[in-house]
Structure formats: structure tokens, C-alpha cells
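# Working through the structure, step by step
Listed here are the chains, written in short residue letters.
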Amino acid sequence: MLEKFITGAIIAGIFGGSPLLYKLGKKKKSETIQQGKIYYGLLYYRIIGFFVLGIISSEIILMLLLGDKVEGMVALLLMFVFSLPFTALYIYLYKKSFEKLLQKAEASLYSYSSKEKNDTQNQISHICLSVPNEPSKKQENFNVYSKDVLLDKSQEQEISSQPVKQEAPTVFTIESFANSLAKMASQELLDIMNLCSNKQSEFDERKLVISTFAYFYGIWVFNYKNVTTEQEKTIQEIYKKQFSDFNRTAFENDTFKQVVDNEYEFDKLLYYIIKRINESHEKFDDKQSFEYNKLSNEFISEFIVNEKYKEKIELDIKTKIMRDWALVASKTGQVSEIQKDK
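Right, let's walk through the structure included here. These numbers come from a predicted model, not from an experiment.

Using the criterion set out here, one finds 19 aromatic pairs in the structure. For the pair Phe 216 and Trp 220, a centre-to-centre distance of 6.3 Å together with 40° between the ring planes defines the contact as tilted. Taken together, the residues Phe 216 and Trp 220, both in helix α7 (residues 205–224) and four residues apart, mark about one turn of the helix. We note that Phe 216, like Trp 220, is buried. For Arg 206, the ring lying beneath its charged end belongs to Phe 251, and the centroid distance is 4.8 Å.

Attention shifts here to a nonpolar patch on the surface. On the surface, a nonpolar cluster with roughly 820 Å² of combined accessible area is contributed by Ile 48, Val 52, Leu 53, Ile 56, Ile 60, Ile 61, Leu 64, Leu 65 and Leu 66. In this fold, Leu 65 is placed in helix α2 (residues 45–66). With a relative accessible area of 62%, Leu 65 lands in the exposed category.

Here Leu 327 shows up in helix α11 (residues 310–334). Here Leu 327 falls in the buried class, since its relative accessible area comes to 7%. Put simply, Leu 327 and Ile 219 are 108 residues apart on the chain and 9.6 Å apart in space, counted from C-alpha to C-alpha.

Before going further, it helps to spend a moment on the environment of Val 171. Within the secondary structure, Val 171 sits in strand β1 (residues 170–172). C-alpha separation for the pair Val 171 and Lys 340, spaced 169 residues apart in sequence, amounts to 9.1 Å.

At their nearest, the axes of α7 and helix α10 (residues 292–303) sit 8 Å apart, and the two run at 160° to each other. When the interaxial angle is binned, α7 and α10 end up roughly antiparallel. On the side of α7, the interface is formed by Lys 207, Leu 208, Ser 211, Thr 212, Tyr 215, Ile 219 and Asn 223, while α10 contributes Tyr 292, Leu 295, Glu 298, Phe 299, Glu 302 and Phe 303. Residue composition of the contact of α7 with α10, by class: seven nonpolar, three polar and three charged.

This part is about the pattern of salt bridges. Within the structure shown, the criterion is met by 14 salt bridges. One salt bridge connects Lys 199 with Asp 316, and the closest N-O pair in it is separated by 2.8 Å. Here Lys 199 is found in the loop between α6 (174–198) and α7, whereas its partner Asp 316 is found in helix α11, with 117 residues between them in sequence.

The rules we used
Residues numbered from 1 in each chain as written. Predicted model: local features only at pLDDT ≥ 70, side-chain atom pairs only at ≥ 80, totals over all residues. Heavy atoms only, no water. Phe/Tyr/Trp six-rings, centres within 6.5 Å; stacked < 30°, edge-to-face > 60°. Helix = DSSP H or I, 4+ residues; strand = E, 2+ residues; numbered from the N terminus. Buried < 20%, exposed > 50% of the residue type's maximum accessible area, 1.4 Å probe, protein only. Lys NZ or Arg CZ within 6 Å of the ring centre and 35° of its normal. Patch = residues over 30% accessible without salt bridge, like charges linked within 9 Å, V, L, I, M, F, W, Y side chains within 5 Å. Areas by Shrake-Rupley, 256 points an atom, 1.4 Å probe, with all protein chains shown as cover. Salt bridge = Lys/Arg side-chain N within 4 Å of Asp/Glu carboxyl O. Axes fitted to C-alpha atoms, helices over the stretch in contact; angles between N-to-C directions. Parallel < 35°, antiparallel > 145°, perpendicular 65-115°, else oblique. Contact = heavy atoms within 4.5 Å. Nonpolar A, V, L, I, M, F, W, Y, C, P; charged D, E, K, R; others polar.

If you want it as C-alpha cells, here you go:
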């Protein structure tokens, strides 16, 4: 009776546990691919499988070469020794094939990220930062400045020296402006997450969300320039509401206290960033000489978990802050304005 019970338990365990192990293996493989690493299976079972395959291969080769001439411990020893190079070969071939899979995954991720970014830029230039029923002609200047703005000073001067058509500036409502900033911040968050994953830089997801929304807002509003103190107050209130909605969706599985703590930390960091940027703008006569290098380093330190990962993304983050945030905001401010209160 006991024997039947044990046999039944083993069979039930195999049939019940196999699907769970399969799902867990798929999850771990997906996580490993996202990290850009080689997946060797749960408890490295693939290495064990390659070793078994190596033993079988060595046994076949020895049988063909020696037949029954060698037996006993000598035969086992030879089989073991010959299995090692076969195992190494199988592991090498597996690594090469998996590296190709990683390259395809990275290319797919880059393609997806680029498409998402282009779609968002088009949405920003044609829908988000726009007034309903506004003639599309007024968007032309914004499109020029919202894509591929370069950091090179001579090229900036060349852009500035080019004659600009004297057209009425695009006018945005406070609501559309604030909502657009939140949408752009969420897209920048996605870009930075992809950047960290591609560069294999570990980060604190919660702190990255908070700091990206805070730094993006501060840099954009100060460089846009065409905003009054009263307008900024309203914009900030709407932007905070958008962050709250994003936060409560992104961390819906966390406790209520953790979600509220995120919003508290965001408010505190946003206040610091605005104060920090304001002081730096007042310090320099030429506001463009604001120390973005220091600001970039502070931003990276907010979410990167280890110093060794900072160098991998440092240049990309500095470029993003100076070009995609500050310079685009400045150029956009030259061809647009926020609707004045009537």
C-alpha cells in the first residue's frame, strides 16, 4: 500500500511540477535575455544535459575506434576524459547560438524603442502640444526643433542665424502643455530604462521613475522660458496629478504607503530640482552655461545602484539632458507660447 502511495505521489509530482518548472524556466530565460546574458537553465540543467550528451558522444566514438578492446575502469576513465572536449564543444556551440538570439532580441528592442520614440515625437508635435482645430502650418517650426537637435555650438549658431519666417507663434493651453510634459517624461523614462538594459546597468526602478519625472520637468520649464510664475504654478499642479496617476498604475501591486511615499519623494525632489536650477541660472550671466554636467551626474546618482554602472550611461544621459530636454525646450519656446489668462 505504501509503495503504491509513494509511486502515485511521484507520478503526481512529475505531472504537477513539470508545467510549473516549464513556466519558471521560460520566465528566467526571458529575464536573462533582457539582461543580455547566456541562459543555462534552472540549476544549470543545460550544462548537465551537454555533459550527458558528451558522454554519449564519447562512448560512440570509443566504440567505433576501440570496440571491445578496453573494458572496466579503464573504459570508464577514457569515456569520461573524451566526454569533456565534447561537452565543451556543445557548450561553445550553444553559447554562439544564444548570442545570435541576444543580438536579435537587442535589435528588436532597439527597433521597438525607436518606433515608440518616433510615434511619441509625432504625437507631441501634431497632437499633444497643440490647440484643437489649430492650422497645421503653425507646427512646422516645432517639428524642426524637436528632432535631432545637435550639441555642437557652431551648428547651434548656424541654426540661430538662419532667417525665421515671421509667423504667429503656436499658442498652447496650460492643460495641454502640462499633459504633454507628462507624456514626454513617460517616454523619456522608457528610453532611459532601455538604455540601462542595453548597457547592462542595474537601476532602482522606483527612484528612476521619480527622478526622471522631476528632472525632466525642471529642465523643460526653465528652458522653455515663455511661462509666467502663475502659469508654472498651475502647470506644476497638473503635472503632479499626472505623475500621481502614472505612479499608482505602475506600482499598483505595492502597498498604499509605498505608493504615497513615491509621491512624497517626488514632491520633495521636484522642489529641490527647481531650486537647484534656479540658483544655477541666477549664478551665470549666460544662462546657457548652466552646469549640465553636474546636473547629469546628480540625476544618474538618483537611480543607479552601483558606481561601476555610471560610466556606461554617463555620456548618453548628458546628451539626453542637454539636447533632448534643454535645447529642445529652448527652441520650442522660441516658436510657441502658453495662452494668457483672459
